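A closer look at the structure
Residue-level listing of the chains:
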Amino acid sequence: RRVVCQALMNLVQHHPVALFAGFGGVCTFMLGAAQDPSPEVAVSACEFWRACAVSPQVLQEPGLREALGSFLPQLVPVLLRNMVYDAEQIAEFESTDGVDETMPDKPSQIRPFFHKAKTAGKGSNNRRAASAQGGGEGEETDEDDDDDDDGDGFGDEEGESWTLRKVSASGLDSITQVFGPNEIL
């Protein structure tokens, strides 16, 4: 089921017109898969909803946007349910070892951190260009923008993996941006 969900998501991203004839059936399947007891299947299914909401081809194709919108009354509660922390996560939050509360912060923990460009071969040229544009040493430029939330999955800390809760929240956010609060609520 997980592989089927991934294949359907790839079709939505690259050839949504191929799904037009059976889009309602695909949405019904993905809605059920988003509630699957297997987290891998549910994550793959929830990625489908986000892919639908961010695909310009789906949103511009006559009929696909309306078909997607017709599933909102069933989809929104599923995504909200998937966003709830499970009992194990709540217990982990509540079990504090007191380290952060009793120990003062070290200077290295509170010192500002400045990102540097990771691109090889452009080092000194980037600094000169940044200085010429008014960006000094230690200041972030557009090329240096190395936010950790770029969605590529690389450089994520342990515990920051793509979970069902996060993918559901991302899907709901994307769908809300497309349909607006009136259609969602």
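That block above? That's the structure.
In this report, we go over the structure that sits alongside the text. (Residues numbered from 1 in each chain as written. Predicted model: local features only at pLDDT ≥ 70, side-chain atom pairs only at ≥ 80, totals over all residues. Heavy atoms only, no water.)

This next bit is on the overall build of the chain. Counting secondary structure elements, the chain contains 11 helices and zero strands. Counting from the amino terminus, helix and strand elements in the chain follow one another as α-α-α-α-α-α-α-α-α-α-α. By residue count, 29% of the 185 residues in the chain fall in the buried class. With an accessible surface of roughly 12500 Å², the chain has 53% of that area assigned to carbon and sulfur atoms. (Helix = DSSP H or I, 4+ residues; strand = E, 2+ residues; numbered from the N terminus. Buried < 20%, exposed > 50% of the residue type's maximum accessible area, 1.4 Å probe, protein only. Areas by Shrake-Rupley, 256 points an atom, 1.4 Å probe, with all protein chains shown as cover.)

In this structure, V12, F23, M30, F48, W49, I175 and F179 are the most contacted members of the largest nonpolar core, which totals 36 residues. Counting residues per element, the ones that place at least two in this core are α1 (2-14), α2 (23-33), α3 (39-54), α5 (64-70), α6 (72-82) and α11 (164-184). Among the elements that make up this core, the one with the highest residue count is α3 (nine residues). (Core = buried A, V, L, I, M, F, W, Y, C linked by side-chain atoms within 4.5 Å.)

A word on a nonpolar patch on the surface. A surface patch of nonpolar side chains, amounting to about 280 Å² of accessible area, comprises Y85, I90 and F93. Within the secondary structure layout, Y85 lies in the loop between α6 and α7 (87-94). Judged by its relative accessible area of 33%, Y85 is partly exposed. (Patch = residues over 30% accessible without salt bridge, like charges linked within 9 Å, V, L, I, M, F, W, Y side chains within 5 Å. Salt bridge = Lys/Arg side-chain N within 4 Å of Asp/Glu carboxyl O.)

On to the pattern of salt bridges, then. Under the defined criterion, the tally for this structure stands at one salt bridge. Where R1 meets D36, a salt bridge forms, and the shortest distance between an N and an O atom there is 3.3 Å. Of this pair, R1 sits in the segment before α1 while D36 is found in the loop between α2 and α3, placing the two residues 35 residues apart along the sequence.

The final tally for this structure, using the stated rule, is one aromatic pair. Centroid distance F48 to W49: 5.1 Å. Interplanar angle 80 degrees. Geometry classified as edge-to-face. Overall, W49 belongs to the buried group, its relative accessible area being 0%. (Phe/Tyr/Trp six-rings, centres within 6.5 Å; stacked < 30°, edge-to-face > 60°.)

A few words now on the packing of α6 against α11. In helix packing, the relevant descriptors are the interaxial angle and the interaxial distance, both defined with respect to the helix axes. Look at α6 against α11: their axes get within 9 Å of each other, and the N-to-C directions meet at 145 degrees. With respect to the hand of their crossing, α6 and α11 are arranged in left-handed fashion. Here L72, L75, V76, L79, L80 and N82 of α6 lie close against α11, whose contacting residues are L164, R165, S168, G171, L172, I175, F179, E183 and I184. Looking at the contact of α6 with α11 residue by residue, the class counts come to 10 nonpolar, three polar and two charged. (Axes fitted to C-alpha atoms, helices over the stretch in contact; angles between N-to-C directions. Left-handed = near helix turned anticlockwise from the far one by under 90°. Contact = heavy atoms within 4.5 Å. Nonpolar A, V, L, I, M, F, W, Y, C, P; charged D, E, K, R; others polar.)

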